[in-house]
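Here's the letter readout for the chains.
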Amino acid sequence: MNRGLTRREFLRSAGGITFLALAPVGRGLFAASADSLPTFTALPYVQPGGSGTLTPGRESMRLLWQTSRQPAEFALNYGADESCGQIARIERAERLDGGAGHFNYTATLDGLSPGKRYLYEVKCNGALLAKGYLTTRQPRGERVRFAAFGDNSYGGPSDHAIAFQAYQAHPDFIMNTGDNVYQSGLDGEYARYFFPVYNADVPGSRLGAPLLRSVPFYSVLANHDVRRTGPAGGPAADFSKDPDSLGFYTNFHLPLNGPDPAQPTPILGPDGLLDAFRACAGARFPRMANYSYDYGDIHFLCLDSNLYVNPSDPALQSWVENDLSGTDARWKFVVYHHPCFNVGHEHWEEQQMRVLCPLLEKHGVDFVLSGHEHNYQRTRPLRFQPGDAAKAAAINEKDRQVGGAFTVDRAFDGTANTRPDGILYITTGAGGNTLYDADYNNNPSKWRLPGDPDYVVRMVSDRHSLTVFDIDGNSLLMRQIDEFGHEIDRLSVAKKG
């Protein structure tokens, strides 16, 4: 911390928000001096609006916070200058967690323009609590930087280090590849392991960073977001055992432009608990499982790849095709948790998402980002034609191998040759939790599965890391940064003009 700055000035410059009347009173808890104000269990954090497309004057963003169940009257004013002449719409929902529970507040800031900074003020019962700013998504033609990582929040020191390195990269946003919190995606786990790390009061390698208060955080559903086992033998959220299940659907506000899933996230439990969850999640459950959005010149397609999903489903494939064919974005990224080209020991047989490869290739996808394997893997550019895809449709089974025909581009090296022939598949699952496959590190003799060619060209499994992308027009730079700030991989990609 720069000792020349006051704490208020530091927070304004570091995190985009200054808390004028809040002070920490415990891990993840903040309170004001006035007895009439509630305790904050999650400080204000930024989330995307409900739209995936970029439309001038129709951009929206959301600011969220969570408090104890003490009633309070909140107001949020915002604007392009310090007058903050616009009034946000604020909604409140109750979240049950098996204990006292809490209130979730969502303020919607509408009528925004892309690539603009907006100021806001938050008041509670008439008292000014916070002043801050947020920046909307960049429009087409603007340079964009984002950070990607997954399998992160479980309370260990590497969570904090990766959050700090992501903050040091100064990204426009975060694209998480799933398993946001461990072990079961519970709301209480978000309170313990997620918000204190990614919305930390000050940045530090052992503290985390104030990312969430000014940087939007996108994510995808993963296996540890749906941890229990249902009657069919696959993943399910059992509210009778965990009343605060499926925090993904109540803590995030991601675009709702996807279809109603043919295989929605399974939920179990008493009607009262299920009704309470549905009331809190609203339209987000189960629709937020699949969505897409634009940011600058990039289009992102985000999918639920859990074992209860059948990616061979015609309705899902039709939506994927329509989504990818309907964008004019220069770059296309697909994000899902379970990597279909992965040589790690833990999850190599979960190959169900391979059946989407022909569609992704047909519509010019550049990168696929995944997690699940707690390490970093990069493939050569490749094309894949599925053969027998019967196991891909075998929902709730772990063995979902899909064989087929590979075409691997061995000429691309990301330095001298920067035009790939095929899709680059990146596994970036070293975001904080225990690493897998230490003996695979820098050991290419292990980077191959039976029946598959040697398509993995880089694998780092001895340290945690994150991926940073810089995209500027037809040029892309990808860097893999470890938890100590060292660059452990780099490649450049050039698009045809």
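Residues numbered from 1 in each chain as written. Predicted model: local features only at pLDDT ≥ 70, side-chain atom pairs only at ≥ 80, totals over all residues. Heavy atoms only, no water.

With reference to specific residues and values, describe the overall build of the protein chain.
In terms of regular secondary structure, the protein chain is built from eight helices and 31 strands. Taking 2.2 N^0.38 as the reference for a compact globule, 497 residues should give roughly 23 Å; the C-alpha atoms of the protein chain span a radius of gyration of 22 Å, in line with that estimate. Counting only C-alpha atoms and orienting by the principal axes, one finds that the protein chain spans roughly 65 × 50 × 40 Å. Burial statistics for the protein chain: of 497 residues in total, 60% are counted as buried. A fraction of 73% describes how many contacts in the protein chain between residues 6 or more apart in sequence connect residues 24 or more apart. In the structure as shown, the protein chain presents an accessible area of about 18,300 Å², 47% of it carried by carbon and sulfur atoms. Computed over 48 positive and 56 negative side-chain charges, the inter-centroid distance for the protein chain is 4 Å. (Helix = DSSP H or I, 4+ residues; strand = E, 2+ residues; numbered from the N terminus. Rg over C-alpha atoms; globule rule 2.2 N^0.38 Å. Buried < 20%, exposed > 50% of the residue type's maximum accessible area, 1.4 Å probe, protein only. Contact = heavy atoms within 4.5 Å. Areas by Shrake-Rupley, 256 points an atom, 1.4 Å probe, with all protein chains shown as cover. Lys, Arg positive; Asp, Glu negative; His and termini not counted. Charge placed at Lys NZ, Arg CZ, Asp CG, Glu CD.)

Kindly report on the sheet that holds strand β7 (residues 86-87), identifying the contributing residues and their values.
Two pairing modes exist for strands in a sheet, parallel and antiparallel, and in both the strands are linked by backbone hydrogen bonds. On the basis of which strands lie adjacent, the open sheet formed by five strands has the order β1-β11-β10-β6-β7 and antiparallel pairing. With one partner strand each, in any of the chains shown, β1 (17-19) and β7 form the two edges of the open sheet. When strand β6 (residues 74-79) meets β7, the two strands line up antiparallel, connected through two bridges. Bridging across to β7, Asn77 finds its partner in Ile87. (Pairing = 2+ DSSP bridges.)

Residue-level account of the environment of Ala166, with values.
You can see Ala166 is positioned in helix α2 (residues 157-168). With 302 residues separating them along the chain, Ala166 and Val468 place their C-alpha atoms 8.2 Å apart. Filtering out sequence-adjacent residues up to four positions away, Ala166 remains in contact with Ala147, Phe149, Pro171, Ile174, Leu211 and Leu466.

Could you give an account of the packing of aromatic side chains, naming the residues involved and the relevant values?
Overall, the coordinates contain 44 aromatic pairs when judged by the stated rule. On the numbers, 3.8 Å between centres and 5 degrees between planes, the contact of Tyr218 with Tyr293 is stacked. With Tyr218 in strand β16 (residues 217-218) and Tyr293 in strand β20 (residues 291-295), this pair connects stretches of sequence that are 75 residues apart. With a relative accessible area of 0%, Tyr293 lands in the buried category. (Phe/Tyr/Trp six-rings, centres within 6.5 Å; stacked < 30°, edge-to-face > 60°.)

Please give an account of the sheet that holds strand β24 (residues 376-379) that cites residues and values.
The seven strands are arranged β20-β21-β22-β23-β27-β24-β28 in an open sheet whose pairing can be described as mixed. The outermost strands of the open sheet, each flanked by one partner alone, are β20 and β28 (456-460). Between one strand and the next, the sheet's axes are offset by a mean angle of 15 degrees, whatever the strand orientation. Pairing of strand β23 (residues 367-370) with strand β27 (residues 424-428), which is carried by four bridges, proceeds in the parallel orientation. Its bridge partner lying in β27, Ser370 is registered against Thr427. Lying on the sheet, helix α7 (residues 314-325) is in contact with β20, β21 (298-302) and β22 (331-335); it crosses β21 at an angle near 170 degrees. (Axes fitted to C-alpha atoms, helices over the stretch in contact; angles between N-to-C directions.)

So what about the pattern of salt bridges? Which residues, and what values?
Per the counting criterion, the structure on display carries 26 salt bridges. In this structure, Arg479 and Asp470 form a salt bridge, with 3.7 Å as the shortest nitrogen-oxygen distance. Assigned by exposure class, Arg479 and Asp470 land together as buried. If you follow the salt bridges from partner to partner, you end up with Arg143, Arg145, Asp470 and Arg479 in one network. (Salt bridge = Lys/Arg side-chain N within 4 Å of Asp/Glu carboxyl O.)

So what's going on with the side chain of Gln138? Residues and values would help.
Here Gln138 shows up in the loop between β11 (127-135) and β12 (144-149). If near-sequence neighbours (up to four positions away) are discounted, Gln138 is found in contact with Leu54, Gly115, Arg143, Val144, Tyr295 and Gly296.

Can you lay out helix α3 (residues 187-198) for me, pointing to particular residues and giving the numbers?
Among the twelve residues that make up α3, nine are buried, leaving the element largely enclosed by the rest of the structure. Taken together, the buried positions of α3 are Asp187, Gly188, Glu189, Tyr190, Phe194, Phe195, Pro196, Val197 and Tyr198.

Can you explain unusual backbone geometry? Please cite residues and give values.
In this chain, Tyr182 is followed by Gln183 through a cis amide linkage whose omega measures 5 degrees. Position of Gln183 among the secondary structure elements: in the loop between β13 (173-176) and α3. Across the junction of Phe285 and Pro286, the peptide omega takes the value -5 degrees, indicating a cis bond. Take Pro286: it is sitting in helix α6 (residues 284-287).

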